[in-house]
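Results of the structural survey
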Amino acid sequence: MGIPEGIETVVGLVPGQGSYRRGCLDVCRQRDDANVAEVFDTIDEISTEMLGRKVTPLVFGANAPEADELLTRDPDVLQLATFGVSVSIFRLLSSRGVRPEILLGHSFGEFAALVCGGAYSLADGVRMLCHRGALLHGLAEDGVLGPPGGRMLSLSCNGERAGLVLDLLGEATLTVAVENGPGQTVVSGSSDGVRRLTGVAAALGIDARVLTSPYPFHNRLLAGMGSLFAEKAAGLRQRPLEIPVFSPITGRFYRDSDRLAELLSAQLVQPVRFGSAIGQLSRRRAAIYLELGGGSALTSLVSQISSNATCLAPLRGGDADARIRHVVDFLRGGRQDSESVGFDADAADSVPTARRPEAAKSIGTKPREAVVQVESTEREDVLATLRGIFAEALEYPEEVFTGESELEADLGIDSLRQTELVTRLVTRFDLPLPAGGSLGARATVDSVVDLIVTELSRSSR
């Protein structure tokens, strides 16, 4: 099954660990959207049968826990919720006449990608995940993963450098699990090994962040459950694919002749090469990347890998229903002209503009105490200045700071670092210090720019 030779192929990106966002589908659920209801009703039915509990009460509503709390309380529910969000957004878009020509699942996201692609029914996809969760529990209880279980760590470097660091450390359980591109690699291993790696990375000047993941995926520590999972998955009906699904693990499209149960079992120990997969698809005219999950982690990575890509993330925040409508309008509105397509100002926070902003010029040579007198409140000017400040402070390339990137979830900027950045921003733009001195856990680059533009407009009156 090859890549369609369209002018601009749309690739649906299905995220995995760490992509869950509390409340991202609440609006759709409250409006009784049949797609969301059907997906989570099916998940509840199967999870009640196999796990003895429902998922919906822990996903929807004002008291629904955040991902970190779910990870601690019930990692099985977290995984099923992540899966449910991806299948729901795929069905929401499909019901409005938009379906990707290609699907690509990132790590755990391959399960949802194969369900969306037609290889498994929704119910069998849920059954597969429940079997997988039970087997992972067994490994953890048997002490195979070490106390208190394994972890995954994101490093701000490429796979080659990460491999050299692992060689230097000499920790047997650690391995490169995911290569997301030139600026991010994920390592998995025992909790003790990840702790030691975090210290070594800090000494080498490599930013490191522990991921929201219950187990050390893509690691030989999980090899013991491979054959057992393959046996369980083989009992579920595999169907012909309706949409091509590209695997960043095998480096090719899945085929109807593949024994998916065996390949998904091997996924537990084999690395994900996401950056390479995006390179392969981009060379074959894949030009539009659509995030089918909470947040914008994958589209942010794509924007760093492929300079010509148009990236859309309908569930990165705000009113999900409105964001989905804007994405549908864009994709159904003659996307061959995507380089010149923009969106109404009122929708600016719903969908990133199709034209990617040019790399901002560095302002790192300006003295830190200097105040920039901004004569215009145009967002482009503010964004360029902000990216320069962030790049100088964090030593990241400016291209990393795309509008939809969440400061904490996507860029690893915790409250302490936010306080430092806020100080630089208020000094540079001569603005009042925000309450609390930080920007908030869910702040994005776009929301910070909007805040600055608003304050500048007020001060000019």
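Residues numbered from 1 in each chain as written. Predicted model: local features only at pLDDT ≥ 70, side-chain atom pairs only at ≥ 80, totals over all residues. Heavy atoms only, no water.

When you go through the protein residue by residue, the secondary structure sums to 16 helices and 11 strands. The buried share among the 461 residues of the protein stands at 56%. Sequence separation of 24 or more characterises 74% of the internal contacts of the protein that already satisfy a separation of 6 or more. By element, 48% of the accessible surface of the protein is carried by carbon and sulfur atoms, the whole surface being about 19,500 Å². (Helix = DSSP H or I, 4+ residues; strand = E, 2+ residues; numbered from the N terminus. Buried < 20%, exposed > 50% of the residue type's maximum accessible area, 1.4 Å probe, protein only. Contact = heavy atoms within 4.5 Å. Areas by Shrake-Rupley, 256 points an atom, 1.4 Å probe, with all protein chains shown as cover.)

In terms of nonpolar packing, the biggest core is built from 98 residues, with Leu25, Phe40, Phe83 and Tyr289 touching the most fellow members. Looking at this core element by element, the count peaks at 11 residues for helix α4 (residues 75–95). Once you skip the residues sitting within four places of it in the chain, Tyr289 turns out to touch Val11, Leu13, Ile278, Leu281, Ser282, Thr299, Val302, Ala309, Thr310, Cys311 and Leu312. Val382, Tyr396, Val400 and Val453 belong to the second-largest nonpolar core, a separate cluster that totals 25 residues. (Core = buried A, V, L, I, M, F, W, Y, C linked by side-chain atoms within 4.5 Å.)

Glancing now at the environment of Asp76. By the secondary structure assignment, Asp76 is in helix α4. Separated by 29 residues in the primary sequence, Asp76 and Ser47 place their C-alpha atoms 9.4 Å from one another. When neighbours within four sequence positions are excluded, Asp76 is seen to be in contact with Leu51, Arg53, Gly133 and His137. At a separation of 2.9 Å, a polar atom in the side chain of Asp76 contacts the side chain of His137. (Polar contact = N/O pair within 3.5 Å; in protein donor to acceptor, adjacent residues only side chain to side chain.)

With that settled, the discussion passes to the pairing of strand β5 (residues 184–190). Of all 7 residues in β5, 6 are buried, a share of seventy percent or more. Judged from the 6 bridges that link them, strand β3 (residues 150–155) and β5 form a sheet pairing that is antiparallel. Looking at the pairing, Leu155 lines up with Thr185 of β5. Here strand β4 (residues 175–181) runs beside β5; their pairing, made up of 5 bridges, is antiparallel. Bridging from a neighbouring strand, Glu179 pairs with Thr185 of β5. Linking β4 back to β5 in an antiparallel pair, the connection comprises 2 residues. (Pairing = 2+ DSSP bridges.)

Here the focus is the sheet that holds strand β6 (residues 208–210). Strands sit in the order β6-β3-β5-β4-β9 across an open sheet of 5 strands; the sheet is mixed. Each edge of the open sheet carries a strand with a single partner, namely β6 and β9 (272–273).

Moving on, we get to the environment of Leu394. Secondary-structure assignment places Leu394 in helix α14 (residues 379–394). A relative accessible area of 9% places Leu394 in the buried class. In the structure, Leu394 is positioned 27 residues away from Leu421 in sequence and 9.1 Å away in space, judged by C-alpha atoms. Once residues within four sequence positions are removed from consideration, Leu394 is found in contact with Asp207, Phe401, Ile413, Arg417 and Leu421.

Bringing the packing of aromatic side chains into the picture now. In this structure the tally under the stated criterion is 6 aromatic pairs. Judged by centre distance (5.6 Å) and plane angle (80 degrees), the ring pair of Phe390 and Phe401 falls under edge-to-face. Here Phe401 lies in the loop between α14 and α15 (415–429) and Phe390 lies in helix α14, a separation of 11 residues in the sequence. As far as the burial class goes, Phe390 and Phe401 line up, both buried. Among the aromatic residues, those joined into a cluster by ring pairs are Phe108, Phe111 and Phe229. (Phe/Tyr/Trp six-rings, centres within 6.5 Å; stacked < 30°, edge-to-face > 60°.)

As a further point, take the sheet that holds strand β8 (residues 252–253). Here 6 strands make up an open sheet; going across it, the order is β8-β7-β2-β1-β10-β11 and the pairing mixed. Strands at the two margins of the open sheet, each flanked by one partner only, are β8 and β11 (310–312). The pairing of strand β10 (residues 286–291) with β11 spans 3 bridges and is parallel. Looking at β11, one finds that Leu290 is bridged to Leu312. Together, β1 (9–14), β10 and β11 form the strand contacts of helix α12 (residues 297–305), whose direction differs from that of β10 by roughly 155 degrees. Strand contacts of helix α13 (residues 320–331): β1, β10 and β11, with the helix running at about 150 degrees to β11, the strand carrying the most contacts. (Axes fitted to C-alpha atoms, helices over the stretch in contact; angles between N-to-C directions.)

So, about the side chain of His106. Tracing the sequence through the fold places His106 in the loop between β2 (102–105) and α5 (109–116). Leaving out residues up to four positions away in the same chain, His106 has contacts with Val14, Pro15, Gly16, Val178, Asn180, Val272, Phe274 and Leu298.

On to empty space enclosed by the protein, then. Summed over the entire model, instances satisfying the criterion amount to 4 cavities of 30 Å³ or more. The computed volume of the largest cavity comes to approximately 90 Å³. In this structure, the largest cavity is lined by 13 residues; those nearest its centre are Pro75, Asp76, Gln79, Leu129 and Gly133. Of all the secondary-structure elements, those providing two or more residues to the lining of the largest cavity are α4 and α6 (122–141). Per-element tally for the lining of the largest cavity: the top contributor is α6, with 5 residues. Grouping the amino acids of the lining of the largest cavity by side-chain chemistry returns 9 nonpolar, 2 polar and 2 charged. Taken as a whole, the second largest cavity spans an internal volume of roughly 50 Å³. The wall of the second largest cavity is formed by Gly16, Gln17, Gly18, Ser19, Tyr20, Leu78, Gln79, Thr82, Phe108 and Thr212. Across the lining of the second largest cavity, the residue classes break down as 3 nonpolar, 7 polar and no charged. (1 Å grid on protein atoms, 1.4 Å probe; cavity = no way out; pocket = protein on both sides within 12 Å on 5 of 7 lines; lining within 4 Å. Points joined across faces, edges and corners; volume = space filled by probe spheres on them. Nonpolar A, V, L, I, M, F, W, Y, C, P; charged D, E, K, R; others polar.)

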